[in-house]
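Structural description and commentary
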Amino acid sequence: MSTTLEKKKGEENENRPKIEIFDDILVYIGEAGRYQWFLFFVLLPFTFVYAFLYFGQFFMMLVPEEHWCRVPEFDNSNLTDWQKIELSVPPKSQEEDDAESHVKFSRCRMYIANYTEVLITGKKPGPDTPIGSCQYGWSFNMTSVPYKSIGAELEWVCDYAYLSTTAQSAFFVGSMVGGFIFGYIADHYGRLPALVACNGVGFFASIGTAFTNSFWTFTLSRFIVGFSFDNCFNIIFIIVIEYVGPKYRTLMANMSFGIYFAFAATMLPWIAYWIADWKILSIVAALPLVIAFITPWIVPESARWYIQNGRIEKAVEILKKFAKVNKKEVSDEVFKEFAKTCNKMIQNDKSNNDYTVLDLFKLPRLRRITIVLVCYWLLIILIFDGHVWNMKLLHPDVFTSFSLASISELPAAILLALFLDRWGRRWMGFLSMFMCGVFSFVALGMPIGPWAMSMAVIARLGVNVAANIGFQFAAEMLPTVVRAQGVSLIHIIGYTAHVLGPYVVYLANIDSTLPLIVLGALSFVVAGLTLTLPETIEQELPESLEEGNNFGKEQSFWWFPCIVSSSEKKKKYRKRNLSSVNAGFNPGSLHRVESTRL
């Protein structure tokens, strides 16, 4: 009898799926069970953190478009704002007309006159009256922005407008520094300690922002807040995604941003409008960061991090907990086989330690692909940030326009979930960026207001789609032996685009059409770059440098995966088909990468 049972048990073990990679264990413990959905909902507050840190400073520094030179003699008078402007402000110069065509008066110049006498006579200074720059600061029309931001309080306008741009850029410089610091902590001490430390820094620095009263103190605080940007969300995002089965990753990865991020970014303008105080807004923006302090008690550590550090028993312990919560019965033989597989993975990782990111540049075709991926990602971020900051120039109601543009994250995620694994990365990326370029230029021909804003929102939708594609393109295309290092390099270089993004919008001070011209032209460049890359849908991802160099050579430029199942698609079909389930979020390729997303 016992012999029969052993034979039956042996046959079951032979027939069951083998555990060859980490994802195979998920079939047994549940690919999208109760525990995974619990973690998916835990992402919500961290997405708020990400959105509030990213966009919060936009509303902290928002300056009303209508401002003019202050005249102290008018402060206690009964004159309306327009009467003050009529008496003290000259018409726009040609230079100002080019830069801000929708403002009808000079914002940076005033008549140099005896305003005590002007008040008595009520006469406007004559054409011969000398004109100079503002001598006593500025007055602001607070109708469109019902509170004084730090930009308005410290008067970062006219010759000082660059200060706002510089403060924004300091935030992203901080994110570059923080990326290295918390990336090191994540690799050496664990993902959860890095998550807590990262969000802790962001929390205290954001609270500290409320107590700043100068350009230097504000910029320093935003620089430190920037340390937590990206990693405040991406660390837990990757932890969650690595526990989700491959076929559910596209849905969870895209919808977490499509739903959560869109909701958070859409709410933020109205939170700022309702609070109407930039200091309180800074404190409110810090509140979601508190969730990180209790995260170690509700979120498991990365099983892959345990495996990398030889703590396989801890990884098995976590996976057993998943199985229990998901109500899955898993035999000890499965976990023993998993442990053996982990040991093999560790040995393979050790054999790949001799490779560095410089190896990506040794072979000619792989070098070209790497350079194109770097340029692609850098320009995507530049265009995305440019459209975010440029929205205030296209519609007088910044709060409504910002909300509508943020909602575009949701349809972008839906489009990706429905079509990315059917149409392929190349052509969907090309079409989305081509659309972004077209509607950027269409917006130029529209008057400032709803139509220009609508065209810009459609352009933003295009870059949203392309950004999500770019997030996974490199992870699918670079060879396994240097994949993590290569993706890290691409995203670290991409941080520089965050620094440059606000300066693209600053071009409006030279000519109001320049931001959209630059963004539209760069969109077409990115669309062209996309078509120079090989398609990765349903392709066997490269393992060695040589495979990376030869990847996609057999593909025709005009291959449309959604139209024809050609030889390009069949020749390199993946047995595990990771690309069709969004290999950009496959922990097997990103187990050491806490990389950025828009």
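Attention in this report is confined to the structure presented alongside it. (Residues numbered from 1 in each chain as written. Predicted model: local features only at pLDDT ≥ 70, side-chain atom pairs only at ≥ 80, totals over all residues. Heavy atoms only, no water.)

**Some words on the overall build of the protein chain**
For the record, the criterion: Under the scheme used here, helices are H or I runs from DSSP no shorter than 4 residues and strands are E runs no shorter than 2 residues, and both carry numbers assigned from the N terminus. Each residue is assigned to one of three classes by its accessible area relative to the maximum for its type, calculated with a 1.4 Å probe on protein chains only: buried under 20%, partly exposed between the two thresholds, exposed over 50%. Residue contacts are counted whenever heavy atoms from the two residues lie within 4.5 Å of one another. Residue burial considers only the protein chains on display, and all accessible areas are found by Shrake-Rupley using a 1.4 Å probe.
A tally of helices and strands in the protein chain yields 27 helices and 4 strands. The buried share of the protein chain, taken over its 598 residues, is 58%. Of the contacts made within the protein chain by residues no fewer than 6 positions apart, 81% connect residues no fewer than 24 positions apart. Just so you have it, the protein chain exposes about 24700 Å², and 62% of that area is on carbon and sulfur atoms.

**A few points about the nonpolar core**
Going by this rule: Among buried residues, those of type Ala, Val, Leu, Ile, Met, Phe, Trp, Tyr and Cys that are joined through side-chain atoms within 4.5 Å constitute a nonpolar core.
In terms of nonpolar packing, the biggest core is built from 150 residues, with Ile25, Ile29, Phe59, Phe338, Leu373 and Met433 touching the most fellow members. When residues no more than four places from it in sequence are discounted, the contact partners of isoleucine 29 are Leu319, Phe322, Ala323, Asn326, Lys328, Val330 and Phe335. Counting 15 residues, the second-largest nonpolar core is a separate cluster that includes Phe74, Leu87, Val157 and Cys158.

**Regarding the packing of aromatic side chains**
The criterion, for reference: In this analysis, rings of Phe, Tyr and Trp, with Trp reduced to its six-membered ring, are considered paired at centre separations within 6.5 Å, and the interplanar angle assigns stacked below 30 degrees, edge-to-face beyond 60, and tilted for intermediate values. Whether a charge sits over a ring comes down to the Lys NZ or Arg CZ being within 6 Å of the ring centre and within 35 degrees of the ring normal.
Taken as a whole and judged by the stated rule, the model has 45 aromatic pairs. With a centroid separation of 4.5 Å and an interplanar angle of 10 degrees, the aromatic rings of tyrosine 54 and phenylalanine 55 are classed as stacked. Side by side, tyrosine 54 and phenylalanine 55 carry an identical accessibility label, which is buried. When the ring centre of phenylalanine 335 is taken as origin, the NZ or CZ atom of lysine 320, which lies over that ring, is 5.5 Å away.

**A closer look at helix α9 (residues 191-209)**
Filter applied, for reference: Expected span of a helix, by definition, is 1.5 Å for each gap between consecutive residues, and there is one gap fewer than residues.
With 19 residues, α9 should cover 27 Å at 1.5 Å per step; its first-to-last C-alpha distance of 27 Å lies within 8% of that length. Of the positions making up α9, those classed as buried are Arg191, Leu192, Ala194, Leu195, Cys198, Asn199, Gly200, Gly202, Phe203, Ala205, Ser206 and Thr209.

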